[in-house]
Structures are given as structure tokens and as C-alpha cells.
Amino acid sequence: MARRLFPGAWLRKRYYAQVRFSYMRMKYLFISWLVVFIGSWIIYVQYSTYTELCRGHDCKKIICDKYKTGVIDGSACSSLCAKETLYFGKCLSTKPNNQMYLGIWGNLQGVIKCQMEETIHLDLGTELEPRKEIVLFDKPTRGTTVQKFKEMVYGLFKRKLGEQGNLSELVNLILSVADGNKDGRVSLPEAKSAWALLQLNEFLLMVILQDKEHTPKLMGFCGDLYVMERVAYTSLYGISLPWILELFIPSSFRRSMDQWFTPSWPRKAKIAIGLLEFVEDIFHGPYGNFLMCDTSAKNLGYNDKYDLKMVDMRKIVPEINLKELFKDRHCESDLDCVYGTDCRTLCDQSKMKCTTEIIQPNLAKVCQLLKDYLLRGAPSEIREELEKQLYSCIALKVTANQMEMEHSLILNNLKTLLWKKISHTNDS
């Protein structure tokens, strides 16, 4: 009846419904297209970034070409380039010129690190110099005797590490590592590989600290490519998300997530003790003092027994070398006097030059990193004392009177407090 009485109203209602349906459909189509477009753009950008970051094929080609022409040699060369029992796995690179991959070597797993062209590294001079592949393996030259090579290595260590009474022992240690095929002699190609590797702080540290439990073991090398022990957990927090999720998670929320996924407190305490022991190893060790210039959680890991293992030591540099770097650096403010993220000096405004005294010792930087890590979930009976000691540690300055005594006292107090709490548990 209503349709017969008001046919126009009914038609208009039907027309408006069709228009509304078409509008909604167009809206959802547009949103779907926008999502696909943005998603495709993100994937393209990430793929482009990935292809730039992950250049393992180029790295292998450069190294194997040098090996096959007899320029370089090393304990990993035959497996990488001839037998092909060492190959690149998952790409872990974060910078194009520092290639890093999971490596499979027979039945063993490791991490392959390879330096590409234009790598910036701490050289012997006072500036950061570009390191080109074309001059990588130019030393030692043909005709260099073993004795002359020893003198070259000794001179390198003297400039990097300063006057140390036992540098000759370190030279002999390097020669034993350089003898890749263990035939009792170092060939010219092996010497070229060793010389290139000694320019890299991480390799030098692995050799110096090869008997320390918190330093990854060197598995082999070829040219300036080297294979090191794989660490099971590659962050203090033990969580790794797909890159697509990382893009949409705010940094503040990610920090909260990190705290949720930490191990149990006794295990965190054991990891922290390991980190404090590593600080001891590099603080005025047998070959001088080394400075940690990037103490972020991503450079620290642990194994399945919750023993700390260093993941990346490329920004741990000899103090002597770092002072040379800062000595003549021009500055406008303190922000110009920074190496890595954590090694800072002051800008002398009267001279417009950086001073050479590093402001914070390694221990203070490590305690800053461990503060939230250890206080979250700490047992109530030690929380107050732990917080007090951590803040005393963070306040430690290089310029303080009797700094070395304070450094040792604070470090030992922290280790003792943590160890007493976990010594009776299975985690010890």
C-alpha cells in the first residue's frame, strides 16, 4: 500500500542506498589500494636496503680472487674458496662496509665478518682514513723476511698500544695465529692476511683475549675476512623481531618490550657479572687499556648457560689510539669530540681543540646500561643496596682522584653483591 501511495519516496530510498553502497565500496577500495601501495613501497625500500647491506657474494669474490692468485692465504681460505665447506648463511649486516653473516663451516656454526671497500677504521694516524680494497694487501712486500715482518708488527703495536714491556710476546702470538696451515712458518700470503687483520680492533682484541671466556673464539681467517664463534643470544634482552614489525613499534614501547623478554633475574645477574669481568679484562690489561665506545645491548650476548659473550667488539679501541685521534681534532662544541656513541672528551674553547681525556670510564658506561636491566625484578632484600652501588658506579669519572682504586672497589662490590645472591642457585 505504502509503495503504491509513495512510489517516488521508495525509489529515492533505494537510490540513496545504492549510492551509499557504491561510496562505501569505493572507500574500502581506496583504503585497500593505499595499504597495498604503502606496503609495496616499504618492501621495495627494505629490499633495496637489504641488497645494499648484504653483499656477501661480492665479499667472497674479492677474497677468493686474491686467494686464487696467491696474494693472500689463511686457515679459512681453502674451505671458503676451494672446498666450499664454509659458506655464507643469514645476513646480519647493519652497514654496507661491514659485512656480517651466519656461517656454516662443516658441522660448526660461526659468524663471518668481512670488510668491504671504503671501510672507516681507526688507523695509526690521527684521523679516520678510508680503507680501499685496492691497497688492502700491499704489505708486507715480496722479499720481506720474517724478522722484518716481526719488526713491522712490533712497530704497529707500539703505536696502537703504547710502550708495553711484553709486546714481543704479543708479536710471537700473532705469528702463531698467522700460520694458518700450522706448518711452522708464515708465508708471504699469510703475512699479508695477518697485516690486514691487525688493522681491525676486533681481531686484535680476540687475539689478546683469546683465553678469556667472554671473548668469542677466532675460528679462522682469509685475507681480512674472519670467522668467529657464534653466540646463541645476540642481545642482552634476547628478543629479535622481524624488520617489518620494527618499523611500526615506537622506541619507548620497544624498550618496555625488551624488559618483558629478559631472562629471570638470577640469570640476568650472571650475565651482568660476566660483563663486569670483561670490563676487568680490558681495563689496564696485559697490553694496555681499551675503551668501549659503543655499549649498546646489541653488542652483548650470552650463551645457553647465560655466560656473557661479546657479539661486536669493533668499537672497543686502544686508549692510546683514541687519544691520538682526539689530539688535533678541531671542535666548536663538546658534540664534536665524540667517537662511536660513548667515547667523549671535552672541547677546549680557548684552543678550539678536543682534549684527550675520556670523560667516562668503561665501568660507568656499563653500569648505566645495566641499571634498568638489573633493578627490574631485583630481590627486595638487595634492591636498595644494588641501586646505591649502580648509581655510585655511574658517577665514576676518569678525572677523579684515585680513580683506579675506586674503579676496582666499585666493580668488586657489585660482583660480590650479585654473586652472593645467586651463588646458591642453579644459575651459578
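In this report, the structure presented in the accompanying data block is examined. (Residues numbered from 1 in each chain as written. Predicted model: local features only at pLDDT ≥ 70, side-chain atom pairs only at ≥ 80, totals over all residues. Heavy atoms only, no water.)

**Re the overall build of the protein chain**
Now for step 1: Scanning the protein chain for helices and strands turns up 15 helices and 15 strands.
Now for step 2: Within the span of the protein chain, comprising 428 residues, buried residues form 45% of the whole.
Now for step 3: Restricting to contacts in the protein chain with at least 6 residues of sequence separation, those with at least 24 account for 64%.
Now for step 4: With an accessible surface of roughly 23000 Å², the protein chain has 55% of that area assigned to carbon and sulfur atoms. (Helix = DSSP H or I, 4+ residues; strand = E, 2+ residues; numbered from the N terminus. Buried < 20%, exposed > 50% of the residue type's maximum accessible area, 1.4 Å probe, protein only. Contact = heavy atoms within 4.5 Å. Areas by Shrake-Rupley, 256 points an atom, 1.4 Å probe, with all protein chains shown as cover.)

**Here we look at the state of the cysteines**
Working definition of a disulfide: a covalent bond connecting the sulfur atoms of two cysteines.
Now for step 1: Counted under the stated rule, the structure contains 8 disulfides.
Now for step 2: Shown here is the disulfide that connects Cys-293 with Cys-343, its sulfur atoms set 2.0 Å apart. In this structure the cystine formed by Cys-293 and Cys-343 twists about its S-S bond by roughly -85 degrees; its chirality is therefore left-handed. In this pair, Cys-293 sits in the loop between strand S8 (290-292) and strand S9 (300-302) while Cys-343 sits in strand S13 (residues 343-344), placing the two residues 50 residues apart along the sequence. (Disulfide = S-S within 2.5 Å.)

**Points about the packing of aromatic side chains**
Now for step 1: Taken as a whole, this structure holds 4 aromatic pairs when the rule is applied.
Now for step 2: Arranged with centres 5.0 Å apart and planes meeting at 85 degrees, the rings of Phe-88 and Tyr-101 form a pair that is edge-to-face. In this pair, Phe-88 sits in strand S1 (residues 86-91) while Tyr-101 sits in strand S2 (residues 98-105), placing the two residues 13 residues apart along the sequence. Exposure class is identical for Phe-88 and Tyr-101. Each is buried.
Now for step 3: Between the aromatic rings of Tyr-233 and Tyr-302, the centroid separation amounts to 4.7 Å while the plane-to-plane angle is 15 degrees, which identifies the pairing as stacked. Of this pair, Tyr-233 sits in the loop between strand S7 (225-229) and helix H9 (243-246) while Tyr-302 is found in strand S9, placing the two residues 69 residues apart along the sequence.
Now for step 4: Residue Tyr-302 is classed as buried on the basis of its relative accessible area, which comes to 3%. (Phe/Tyr/Trp six-rings, centres within 6.5 Å; stacked < 30°, edge-to-face > 60°.)

**Looking at the side chain of Glu-319**
Now for step 1: As for its position among the elements, Glu-319 is in helix H12 (residues 319-327).
Now for step 2: Judged by relative accessible area, Glu-319 falls into the buried class, the value being 18%.
Now for step 3: Dropping the residues within four chain positions of it, Glu-319 is found in contact with Asn-289, Phe-290 and Leu-291.

**Looking at H12**
Now for step 1: Of the residues making up H12, those classed as buried are Glu-319, Asn-321, Leu-322, Leu-325 and Phe-326. Down the axis of H12, the buried side of the element spans an arc of 160 degrees, and every buried residue falls inside it. (Arc of directions from axis to C-beta.)

**Remarks on unusual backbone geometry**
Now for step 1: Note the cis peptide between Lys-139 and Pro-140, where omega equals -10 degrees.
Now for step 2: Along the chain, the position of Pro-140 falls in the loop between strand S5 (128-131) and helix H5 (146-161).
Now for step 3: The phi dihedral of Lys-182 falls on the positive side, at around 55 degrees, and the residue is not glycine.
Now for step 4: Within the secondary structure, Lys-182 sits in the loop between helix H6 (167-178) and helix H7 (188-197).
Now for step 5: Residue Lys-182 is classed as exposed on the basis of its relative accessible area, which comes to 60%.
Now for step 6: Even without a glycine there, the phi angle at Met-352 is positive, about 55 degrees.

**With respect to the pairing of S2**
Now for step 1: Within S2, 7 of the 8 residues are buried, which leaves the element mostly enclosed by the surrounding structure.
Now for step 2: Note: S1 against S2, 4 bridges, orientation antiparallel. Bridge pairing links Leu-86 to Trp-105 in S2.
Now for step 3: Counting the residues in the hairpin turn of S1 and S2 gives 6 residues.
Now for step 4: Sheet analysis places S2 next to strand S3 (residues 108-115), joined by 8 bridges and oriented antiparallel. The partner of Tyr-101 across the bridge, within S3, is Ile-112. (Pairing = 2+ DSSP bridges.)

**Let's talk about the nonpolar core**
Now for step 1: Core analysis: the biggest nonpolar cluster contains 80 residues, and Phe-157, Trp-265, Phe-278, Ile-316, Leu-363, Leu-386 and Leu-418 have the highest contact counts within it.
Now for step 2: In terms of residue count, helix H11 (residues 265-282) provides more of this core than any other element does, 10 residues in total.
Now for step 3: Residues from two domains meet in this core; each of domain 1 (53-229) and domain 2 (243-423) gives at least three.
Now for step 4: Ignoring anything within four residues of it in the chain, the contact list for Phe-278 reads Leu-209, His-214, Thr-215, Met-292, Leu-308, Met-310, Met-313 and Ile-316.
Now for step 5: Formed by 24 residues, the second largest nonpolar core is a distinct cluster that contains Cys-64, Leu-80, Phe-88 and Cys-114. (Core = buried A, V, L, I, M, F, W, Y, C linked by side-chain atoms within 4.5 Å. Domains from an automatic or database assignment.)

**Details of the sheet that holds strand S6 (residues 218-222)**
Now for step 1: Overall, antiparallel pairing links the 5 strands, which are arranged S1-S2-S3-S7-S6 in an open sheet. The open sheet is flanked by S1 and S6, the only strands paired with a single partner. Going from strand to strand, the sheet's axes swing by 30 degrees on average, the running direction of each strand aside.
Now for step 2: In the packing of helix H8 (residues 201-208) onto the sheet, the strands contacted are S3, S6 and S7, and the crossing angle to S7 comes to about 45 degrees. (Axes fitted to C-alpha atoms, helices over the stretch in contact; angles between N-to-C directions.)

So far we have only geometry, and geometry alone does not tell us how the molecule works.
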